[in-house]
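Inside the fold
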Amino acid sequence: MAKLLDQPRYKCALAAMQTVHSITRALPILHSGPGCAQKLNDNLGTSGLFSPNIFPCTSVSEKEVVFGGNEKLKDTIENALKVIDADLYVVLTGCTSEIIGDDVESVTKEFAAASKPVIYANTPGFKGNNFVGHDWILTAIFDQYLKETEAREKGLVNIFAGIPMHDPFWLGNLRALEKLVSELGLTPNTIFGHNRGIKNIDKIPQAGFNLLVSPWVGLESVQFLEKKFGTPYLHYPVLPIGAFETSKFLRAVGNFAGVNSKRTEQLVAQHEDEYYYYIERYADVFLETRIMSKRFATVSDAQYSLAVTKFLVNDLGMFPTRQYITDGTPEQYREKIMEEFKNLNYGIEAEIQFSTDGYQIHKEIEQADFAGYPLIVGSNWEKKLAQELGGHFVNVSYPVIERLVINSSIAGYDGGLKLLEDIYSAALTKLSL
Amino acid sequence: MAFQVDTSNIPTRENRLGSITGYNGDLMDLVNQSRCGSLQNKERCFSQSSTCLSSCAIGQLAGIRDVAVIYHTPAGCTTVAPGTNVLMRQLAARIGETTNTVIIGSDMDENDTVFGALDAVREIICKTYENYHPKAIFIASSCVSGVIGEDIDSLVDELDSELDIPVIAVHCEGFKSRIWASGFDISDHAVLQGIVKPPKEKRPVINFKNFFESERKQITEIFAELGVKPQFLYVNSTVEELEHISESLATVCICGTLGTYLGNALEELYGVPYIRTVNPLGVIGFEAWLREIGRVIDKSQEVEAYIERERAIYLPRIEEVKKELEGLTAVIGMGPGYTYEVARVLQELGIKVSWAAAWHYDYKYDNQEIPPALDYLQNNSPDNIKLSVADQQNYEIMNILNEYKPDLYFSRHPGSTVWAIKQGIAAIYVADEYMIFGYKGMLSFAKTVLDTVKNRSFEKNLAARVKLPYTDWWYKQNNGALLKEGE
């Protein structure tokens, strides 16, 4: 059912073109309106090699609405192969081509013998948002592109986390997770960003297990890999930020992978030692910033609402007010996520609400008792709210408009320090005392 | 043409202005074919993604302060909301104001594509009315709501009588026109239909259609010398101000593509003269434009005094920079409201235009005449400029740059500049519509061009390290190779 979408914090399934876009040398071909890609690429940055201006597009017009767009799609794919130098072509459908009933599967299959692989995914905007679209794209690639193989590489771990480009820290976080996993003596395999790409997709079936670091997004595609290749997966719901959660994460992954616990404990000790060197040096800042209260609210996707809550409670000793999850989490995942919010140190539990009505969320936060200055972590929409409440604001999730993130990360031990820099920098702009 | 404000739908540019998106040839051929009516559009057998007309329509309307746009569409289209919201707040803050304008989506799902969702839209509108107290509500359609045939007009009729504010339909289905500038017309039509009132008195005001009003201060000062005030449209305007634009002395515009509908409609419907000179870019454009304003509002003496005074300050300085620019070559890729204007400006600075690409081409404006900037070039250009109508097709532009290897590429659309740089060609992003406005703009533009050609570090560094997205095959083709012959 149609519903009020005020202050959107997600896009539509077609925006998962960004997932394709983040695989070096993979190219989305859009069977959609001419402006869909431009609208959906509303965050800063491109893949470098390609950008929405490069994406081939059938630019569905009135003519195709009336007579169908199969021919136009065929022409577009044929010429895309000639004009654009890519290694994997992924056809994505938009709303109009789906409603008029174009047969994208058949058209794409005509290119089975093309010089480069051409695959497709149905991603009409009315079928779901970009969080689910991301999963559909990955499943389509795994299903149509990957070949069966007997080969296995010992210790190889495929890692999947926040969705590319929509999550501002997607790349930095992924690199941080890779580093942590490799420190356990395992070999991380990721497919997004610099020097990964298709050669790493080829290695996916050889992994010992898949590691999904996400409350719910991406679950379908790792389950698909289990079905197709028999690869087990570890679904770790909390993106680890700061020492407490990152150590917990290392232990969980080490345990799942059969890493010697002594090795894991050594690694944890070494990291915590360094982390607390910094915390010790700046602890007085955290204790004595006079315009910082103990309470915070997050208004974000399930990933960051949960991750930031765990970090601020378990590392910094802060208290959650009601937390908001705005990514349209499907019903079947909600209970498990709510459980995670109840699993905080000292028996602290955070109340959460799933909502897409930004107006209502802000009204509630205005009424919430922060026992002092509110700290609000969320999307750019929360900036004005924080200003009106005299609180502090850190933008960690889409939309990200008034800050530029290139490769920084808020995951892991260093990511926790980075988030502290952001939070206390926000406070310092108001009162440097 | 006859403007009809009693209906919510308007013809697209293709139907109204004979606009095209595919052509490859030269200046003289294009103008001659336009004059004798033989110009034919050429379709492409390959396109890269470009722009949606709905972004233009909604972007314009969201500039009005304290209104609500209800967008009946799945979540993806509503991505126009976050960026527009921040931009409009920043633009309001620049003049010490605030805006409470919102864009709210209906988040259509699969069920809605079968059964429709007008009841839900009605609820969303009522909720928005309660929450935000907007001064007007626009209800925008989309590809999905358009294809499934949602009857937005009936809903608008009902709500317009129920609510005490204007409720206006905006038919901006993305598939309807290949020309995104049709979206500007759609927003103008919505304003004319639902907000503008017939004139009661004349006011010493000039309507100024623009995008983001970065020269608001300078223009206000110039107009003050002529005894008039500018009414900028639509960013930072209010519903109350828009009600009165039929009472202004004239309408001017920074971009012919942007202004044609509103300017011509206000003239035809309410007798507000529309200034149809070349645009106020560069010295020639600025002076022609200002003199025509002076003539229309009977302030020619004041205009001449201003021109004489400012010329003395700026012309010698412009000439000084110009000496160093003479002989450079350039390729231009912009919307048609800028391509031919910038071509003239570059020629004023002694730069040779090797190729001019416009994204679309309106072979006549709403007054049935060809755009003045083209008319000017036909009569004054030192050479017959090579020219294409390129629909923002990056592959055609890169092919042109590869063939002509100009000193500079001038672009005006997000994401287009970097591709020239990757081919090692210095590029300037003429994003701000006032970048070359008046004498002052011309001087700083000339300096920017000079700075750009004097330090080529950035493009050389990047070009040496990147791969291009196009195949060798493509670079060996003619840039118009994928245009189909005639329809």
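Residues numbered from 1 in each chain as written. Chains lettered and ligands numbered in written order. Predicted model: local features only at pLDDT ≥ 70, side-chain atom pairs only at ≥ 80, totals over all residues.

Moving on to the overall build of chain A. Regarding its fold elements, chain A presents 17 helices and 14 strands. Radius of gyration (C-alpha) of chain A: 22 Å, near the 22 Å computed for a compact globule of 433 residues. Taking all 433 residues of chain A together, 55% fall into the buried category. Within chain A, residue pairs in contact and separated by at least 24 positions form 72% of the contacts whose partners lie at least 6 positions apart. (Helix = DSSP H or I, 4+ residues; strand = E, 2+ residues; numbered from the N terminus. Rg over C-alpha atoms; globule rule 2.2 N^0.38 Å. Buried ≥ 20, exposed ≤ 12 C-beta atoms within 10 Å, placed from the backbone. Contact = placed C-beta atoms within 7 Å.)

Attention now goes to the overall build of chain B. Within chain B, the secondary structure is distributed over 21 helices and 13 strands. Its C-alpha atoms give chain B a radius of gyration of 23 Å, within 12% of the compact-globule value 23 Å for 487 residues. The principal-axis extent of the C-alpha atoms belonging to chain B is close to 65 × 60 × 45 Å. Taken across its 487 residues, chain B has 56% of its residues classed as buried. Once local pairs closer than 6 in sequence are excluded, the contacts in chain B between residues at least 24 apart make up 74%.

All names here are of chain A. Along its sequence, chain A is carved into domain 1 (13-144), domain 2 (156-241) and domain 3 (278-428). Relative placement of domain 1 and domain 3: their C-alpha centres are 35 Å apart. Residue classes in the side of domain 1 that touches domain 3 are distributed as 2 nonpolar, 2 polar and no charged. (Domains from an automatic or database assignment. Nonpolar A, V, L, I, M, F, W, Y, C, P; charged D, E, K, R; others polar.)

The next thing to look at is the pairing of strand β11 (residues 386-389) of chain B. All names here are of chain B. Pairing of strand β1 (residues 23-26) with β11, which is carried by 4 bridges, proceeds in the antiparallel orientation. Looking across to β11, one finds that N24 is bridged to S388. Alignment of strand β10 (residues 352-358) against β11, held across 4 bridges, turns out to be parallel. Bridge assignment links A357 to a residue of β11, and that residue is S388. For the segment spanning β10, helix α16 (residues 372-380) and β11, crossover handedness is right-handed. (Pairing = 2+ DSSP bridges. Right-handed = clockwise from strand over helix to strand, strands pointing away.)

Much of the literature gives interface size as the accessible area that the parts lose upon coming together. Residue and element names in this part refer to chain B. Taken domain by domain, chain B holds domain 1 (49-194), domain 2 (205-301) and domain 3 (320-476). Placing the centre of domain 2 and that of domain 3 at their C-alpha centroids yields a distance of 26 Å. Contacts between the two partners involve 23 residues from domain 2 and, on the opposite side, 25 residues from domain 3. Contributions of two or more residues to the side of domain 2 that touches domain 3 are made by α12 (256-270) and α13 (282-296). When residues in the side of domain 2 that touches domain 3 are grouped by element, the largest group, 6 residues, is from α12. The residue makeup of the side of domain 2 that touches domain 3, split by class, is 11 nonpolar, 10 polar and 2 charged.

In space, the 5 strands of this open sheet follow the order β1(A)-β3(B)-β2(B)-β4(B)-β5(B), with mixed pairing throughout. The open sheet has two edge strands, β1 (5-6) of chain A together with β5 (167-170) of chain B, and neither has a second partner. Two elements, β1 of chain A and strand β3 (residues 102-105) of chain B, share 2 bridges in a ladder whose sense is antiparallel. Among the inter-strand pairings, L5 of chain A is bridged to a residue of β3 of chain B, identified as G105 of chain B.

Our focus in this paragraph is the sheet that holds strand β12 (residues 408-411) of chain B. Paired through their backbone hydrogen bonds, the strands of a sheet run either parallel or antiparallel. Residues and elements named next belong to chain B. Taken together, the 6 strands give an open sheet; going across it, the order is β1-β11-β10-β9-β12-β13, and neighbouring strands pair in mixed fashion. Every interior strand has two partners, whereas the edge strands, β1 and β13 (426-429), have only one. The sheet shows a mean angle of 15° between the axes of neighbouring strands, direction not considered. Against the sheet, helix α17 (residues 394-404) engages β9 (329-334), β10, β11 and β12, with an angle of about 170° to β10. Along the sheet, helix α19 (residues 438-454) makes contact with β12 and β13, crossing β13 at roughly 150°. (Axes fitted to C-alpha atoms, helices over the stretch in contact; angles between N-to-C directions.)

Once that is clear, we can look at unusual backbone geometry. Of note, the bond from Y398 of chain A into P399 of chain A is cis; its omega dihedral lies within 30 degrees of zero at -5°. By secondary structure assignment, the location of P399 of chain A is in the loop between β14 (392-395) and α17 (412-428). In this chain, L233 of chain B is followed by Y234 of chain B through a cis amide linkage whose omega measures -10°. Summarising the element assignment, Y234 of chain B is placed in the loop between β7 (229-233) and α11 (239-243).

Time to look at helix α10 (residues 216-225) of chain B. Residue and element names in this part refer to chain B. By the burial criterion, the buried members of α10 are I219, I222 and F223. All buried residues of α10 lie within an arc of 95° about the axis, which places them on one face of the element. Exposed residues lying more than 90 degrees from the buried face of α10 are K217, E221 and A224. Against the buried residues of α10 lie β6 (205-209), β7 and α14 (300-325). Within two residues after α10, G227 carries a phi angle of roughly 75°, on the positive side. (Arc of directions from axis to C-beta.)

We now examine α13 of chain B. Residue and element names in this part refer to chain B. Taking 1.5 Å of rise per residue, 15 residues should cover 21 Å, and α13 covers 21 Å from first to last C-alpha, within 8% of that figure. Every buried residue belonging to α13 is among G282, V283, G285, F286, E287, W289, L290 and I293, and all of these are buried. Turning to α13, the residues buried within the fold contact β8 (250-253), α14, α15 (336-348) and α19. At the C-terminal side of α13, D298 shows a positive phi close to 60°. (Expected span 1.5 Å × (residues − 1).)

Residue and element names in this part refer to chain B. At a minimum axis distance of 8 Å, the contact between helix α9 (residues 182-194) and α12 shows a crossing angle of 30°. As judged from the angle between their axes, α9 and α12 are roughly parallel. Handedness of the crossing formed by α9 with α12: right-handed. For the pair formed by α9 and α12, the contact residues are F184, D185, D188, H189 and L192 on the first element and L258, Y261, L262 and A265 on the second. Split by residue class, the contact of α9 with α12 holds 6 nonpolar, 1 polar and 2 charged. (Parallel < 35°, antiparallel > 145°, perpendicular 65-115°, else oblique. Left-handed = near helix turned anticlockwise from the far one by under 90°.)

Turning our attention to the interface of chain A and chain B. Taken together, the contact pairs 56 residues of chain A with 56 residues of chain B. Contributing elements (two or more residues each) for the side of chain A that touches chain B: β1, α2 (36-40), α3 (62-67), α4 (70-83) and α5 (95-99) of chain A. For the side of chain A that touches chain B, the residue count by class is 31 nonpolar, 14 polar and 11 charged.

The next thing to look at is the packing of helix α11 (residues 242-257) of chain A against α17 of chain A. All names here are of chain A. One can describe the packing of α11 onto α17 by two numbers: an axis separation of 8 Å at closest approach and a directional angle of 160°. As summarised for this structure, α11 and α17 are arranged roughly antiparallel, according to the angle between their axes. Crossing of α11 against α17: the hand is right-handed. For the pair formed by α11 and α17, the contact residues are G242, A243 and T246 on the first element and G412, Y413 and G416 on the second. Considered class by class, the residues forming the contact of α11 with α17 number 2 nonpolar, 4 polar and no charged.

What follows deals with the confidence of the model for chain B. Per-residue pLDDT for chain B averages 95, and the proportion of residues at 70 or more is 99%. Complex prediction metrics read pTM 0.96 and ipTM 0.95. (pLDDT = per-residue confidence, 0-100.)

Turning our attention to the environment of Y346 of chain A. All names here are of chain A. As for its placement among the helices and strands, Y346 is situated in the loop between α14 (331-342) and β12 (352-354). With 7 C-beta atoms packed within 10 Å, Y346 lands in the exposed category. Expressed as a C-alpha distance, the spacing of Y346 and E71, which sit 275 residues apart in the sequence, is 63 Å.

Another aspect to go through is the pairing of β3 of chain B. Residues and elements named next belong to chain B. The alternating pattern of β3 places V102 and I104 and I103 and G105 on opposite faces, both of which are buried. As defined by bridge partners, strand β2 (residues 68-71) adjoins β3 across 4 bridges and the pair is classed as parallel. Paired with Y71 across the strands is G105, a residue of β3.

Among the secondary structure elements, M334 of chain B is positioned in strand β9. With residues near it in sequence (within four places) discarded, M334 of chain B still touches T339, V342, A358, S411, R412 and V430 of chain B.

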